[in-house]
Amino acid sequence: MYGQWGSRNQIQKRNRADMKIYLASASPRRKELLKQVGISFKTMPSTVEEKITKTEPDRVVEELSYQKAVDVCGRLTGEGMEDFVVIGADTVVACWGEILGKPKDKEDAAEMLRRLQGGSHQVYTGVTLAWKYKDMSAMYATFSECTDVTMYSMTEEEIKRYVDSGEPMDKAGAYAIQGLCAAHIQGICGDYNNVVGLPVGRVCQELKRRGLVE
């Protein structure tokens with residue numbers, strides 16, 4: 001856990017209608033998930049240089065989400081913004097404990113898919129909530145979710161066709177469960193939206209628990 005937790009009494013004294021929510025990401029998938037559940041927000045992507053000091057996948061995504069949230073929180077504070085919430089998130093795919101990020105090129109994407117096809121792997125998303133009121137210091141809460149994903153076996157021709165579609169190139173693990181790769185997903189255990197890029201149900205519950213949204 002990173003940062004400082006605010007007390008429930010402190011939170012309940014505030015007017016939630018005044019809270020502005022910022023997503024510290026340019027991901028179209030995360031934006032769509034927040035819109036889907038009716039959360040009004042603005043986008044302010046983090047520009048921080050990410051530094052990884054952890055090795056476990058869950059700790060890595062928590063660390064990176066925290067860095068993103070702190071970056072945007074600091075920028076908003078510097079602009080004199082009052083009463084806001086920042087949502088920072090990071091997603092990785094792990095296969096046998098090894099983290100697979102976004103592919104560098106087509107061959108890298110194909111190699112990732114060869115490793116994932118015909119077996120199970122894990123998708124981790126870390127989320128950090130940063131919230132601040134005008135007369136208080138910023139507070140933080142960090143958590144992560146893990147979803148198991150099992151893929152059908154893929155032939156070399158299927159891998160090539162999928163890579164050539166261009167869809168894998170900006171995706172952790174080189175695939176999009178909500179896209180063309182759905183044809184190769186055998187099943188999941190856990191939160192589907194977590195694989196898309198944000199465990200939005202958990203995010204909503206954590207925001208509500210702290211009185212940050214209705």
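Note that the coordinates shown come from a computational prediction; the quantities given were computed from them, not determined experimentally. (Residues numbered from 1 in each chain as written. Predicted model: local features only at pLDDT ≥ 70, side-chain atom pairs only at ≥ 80, totals over all residues. Heavy atoms only, no water.)

## Here's the deal with the pairing of strand β5 (residues 120–132)
As a reminder, the rule being used: Buried residues are those whose accessible area, probed at 1.4 Å on protein chains only, stays under 20% of the maximum for their type, while exposed residues exceed 50% and partly exposed ones sit between those limits. A helix here means a DSSP run of H or I that spans at least four residues, while a strand means a run of E at least two residues long, and both kinds are numbered starting from the N terminus. When DSSP locates at least two bridges between a pair of strands, those strands are taken to pair.
Across the 13 residues that make up β5, a large majority, 11, are buried. Both β5 and strand β6 (residues 139–151) contribute to a ladder of 12 bridges, which runs antiparallel. Directly across from Val-127, in β6, lies its bridge partner Phe-143. Linkage of β5 to β6, two consecutive antiparallel strands, is achieved through a turn of 6 residues.

## Topic: the environment of Gly-126
By secondary structure assignment, the location of Gly-126 is in strand β5. Classification of Gly-126 by relative accessible area gives buried; the value is 0%.

## Focus: the pattern of salt bridges
Heads up, the rule is: Just to be clear on terms, a salt bridge is a Lys or Arg side-chain nitrogen sitting within 4 Å of an Asp or Glu carboxyl oxygen.
Taken as a whole and assessed by the stated rule, the structure comprises 17 salt bridges. In this structure, Arg-115 and Glu-98 form a salt bridge, with 2.9 Å as the shortest nitrogen-oxygen distance. Of the two residues, Arg-115 is situated in helix α4 (residues 106–116) and Glu-98 in strand β4 (residues 98–100); the sequence distance between them amounts to 17 residues. Notably, a salt bridge pairs Glu-111 with Arg-114, separated by 3.2 Å at the nearest N-O pair. Here the residue Glu-111 and the residue Arg-114 both occupy positions in helix α4, the gap between them amounting to 3 residues, near one helical turn. Take Arg-114: its relative accessible area is 28%, and that puts it in the partly exposed class. Bridged by salt links that share partners, the residues Glu-145, Arg-202, Glu-206, Arg-209 and Arg-210 form one connected network.

## A closer look at the confidence of the model for the protein
The test is simple: As a per-residue measure, pLDDT tells how confident the predictor is, with possible values from 0 to 100. Throughout, a residue-residue contact means that at least one pair of heavy atoms, one from each residue, lies within 4.5 Å.
Of all residues in the protein, 92% attain a pLDDT of 70 or more, and the chain-wide mean is 91. Taken element by element, the predicted model of the protein shows its lowest mean pLDDT in helix α1 (residues 8–12) (44) and its highest in strand β7 (residues 185–189) (98). In the model, residues 3–13 has pLDDT below 50 throughout and makes 21 contacts with residues more than four positions away in sequence or in other chains.

## Observations regarding the environment of Ala-110
Residue position: Ala-110 is located in helix α4. Residue classification places Ala-110 among the buried positions, given a relative accessible area of 8%. In sequence terms Ala-110 and Glu-50 are 60 residues apart; their C-alpha atoms lie 26 Å from each other. Other than its neighbours up to four places away in sequence, Ala-110 contacts Ile-159 and Val-163.

## Some details on unusual backbone geometry
If you check the backbone angles, Asp-83 has positive phi at about 50° while not being a glycine. On the secondary structure map, Asp-83 appears in the loop between α3 (57–78) and β3 (84–95). One non-glycine residue with positive phi stands out, namely Trp-96, at about 55°. With respect to the secondary-structure elements, Trp-96 resides in the loop between β3 and β4. For Trp-96, a relative accessible area of 82% gives the class exposed.

## Let's talk about the environment of Asp-58
Secondary-structure assignment places Asp-58 in helix α3. On a C-alpha basis, the gap between Asp-58 and Ala-94 in space is 9.6 Å, while along the polypeptide they are 36 residues apart. Sequence-distant contacts of Asp-58, that is, excluding residues within four places in its chain, are made with Tyr-124 and Ser-144.

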